[in-house]
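# Chain and residue survey
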Amino acid sequence: MQLVGLSRRKSRLSPSLAEIGRPDFNLKVREDKKTTLYVTDPPTALFKDGRQLSIRDIFSEKLQYRVMYRKKKSTGIKTYESKSSVIELSNLDKGESYCFNVQAYIPSRSSEKQLGELSTTKCSDNDDQSIFKGQFFYSVPSFAGNY
């Protein structure tokens, strides 16, 4: 397959050498303790037929995602791997907030090139607590000064 890079020159690029970008994802927490991560496949610098290709376009079924997660108030990290960009975690404790990171993972590559850039951390708000708890006392002085 011939691909066109950012320079618009036709070239043959080796996917095994390409760096893997940072994925983005959104969280959805359901009442039944299931949390779903919707991962956006990172774009590449490659174009085909005028369309920018994603990492999924290049690696297809070889692409996996590694999710690292922990309870918000804990340091113990668990890992989950998925072949899909829609990742459902059902073993989470109800009423707990969790923090998540995602990395693209291509196990068929050499070990130093298997993992992509780590996503930004996103946390669920599942504490069964008021949204003001822990923040209210920090906000009062700034509000009080404005009245």
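Worth saying up front: this structure is predicted, and the values here are computed from it rather than measured.

This brings us to the environment of Arg70. Inspection of the secondary structure assignment puts Arg70 in strand β7 (residues 64-71). For Arg70, a relative accessible area of 26% corresponds to the partly exposed category. Counting along the chain gives 53 residues from Arg70 to Cys123, while the straight-line C-alpha distance between them is 9.3 Å. The residues touching Arg70, leaving out its near neighbours within four places in the chain, are Thr75, Gly76, Ile77, Ser97, Tyr98 and Cys99. Engagement of the side chain of Arg70 in a polar contact is seen with the backbone oxygen of Ser74, the distance being 3.3 Å.

Enumeration over the complete set of coordinates arrives at three aromatic pairs. Residues Tyr98 and Phe100 carry aromatic rings whose centres are separated by 6.5 Å and whose planes lie at 35° to one another, so their mutual orientation is tilted. The class for Phe100 is buried, based on a relative accessible area of 0%. An aromatic cluster is defined as three or more aromatic residues linked by ring pairs; in this entry it consists of Tyr69, Tyr98 and Phe100. Sitting over the ring of Tyr105, Arg66 keeps its end group 4.3 Å from the ring centre. Sitting over the face of the ring of Phe25, Lys122 holds its NZ or CZ atom 5.0 Å from the ring centroid.

This part covers the sheet that holds strand β3 (residues 24-29). Taken in spatial order, the three strands line up as β3-β4-β9 in an open sheet, and their pairing is antiparallel. Of all the strands in the sheet, the pair left with one neighbour each is β3 and β9 (86-89). The sheet shows a mean angle of 20° between the axes of neighbouring strands, taken without regard to direction. Where β3 and strand β4 (residues 35-40) come together, six bridges link them in antiparallel fashion.

Before going further, it helps to examine the side chain of Thr44. Within the secondary structure, Thr44 sits in strand β5 (residues 43-48). The exposure class assigned to Thr44 is buried, which follows from its relative accessible area of 18%. Polar side-chain contacts of Thr44 include one of 3.1 Å to the backbone nitrogen of Leu46. Here Leu53 takes part through its backbone oxygen, which lies 2.8 Å from a polar atom of the side chain of Thr44. The residues contacting Thr44, other than those within four sequence positions of it, are Gln52, Leu53, Ser54, Ile55 and Ile58.

Bringing the side chain of Ser82 into the picture now. Position of Ser82 among the secondary structure elements: in strand β8 (residues 78-82). At 3.0 Å, the side chain of Ser82 forms a polar contact with the backbone nitrogen of Ser84. Not counting residues within four places of it along the chain, the set of residues in contact with Ser82 comprises Gln64, Tyr65 and Ile87.

The next subject is the pairing of β7. Here is the key point about a regular strand: its side chains alternate between the two faces of the sheet. The buried count for β7 comes to six of eight residues, which makes it a mostly enclosed element. With eight bridges connecting them, β7 and strand β10 (residues 98-105) associate as antiparallel partners. Along β10, the bridge assignment pairs Lys71 with Tyr98. Counted along the chain from β7 to the antiparallel partner β8, the turn is six residues long.

Rules used throughout
Residues numbered from 1 in each chain as written. Predicted model: local features only at pLDDT ≥ 70, side-chain atom pairs only at ≥ 80, totals over all residues. Heavy atoms only, no water. Helix = DSSP H or I, 4+ residues; strand = E, 2+ residues; numbered from the N terminus. Buried < 20%, exposed > 50% of the residue type's maximum accessible area, 1.4 Å probe, protein only. Contact = heavy atoms within 4.5 Å. Polar contact = N/O pair within 3.5 Å; in protein donor to acceptor, adjacent residues only side chain to side chain. Phe/Tyr/Trp six-rings, centres within 6.5 Å; stacked < 30°, edge-to-face > 60°. Lys NZ or Arg CZ within 6 Å of the ring centre and 35° of its normal. Pairing = 2+ DSSP bridges. Axes fitted to C-alpha atoms, helices over the stretch in contact; angles between N-to-C directions.

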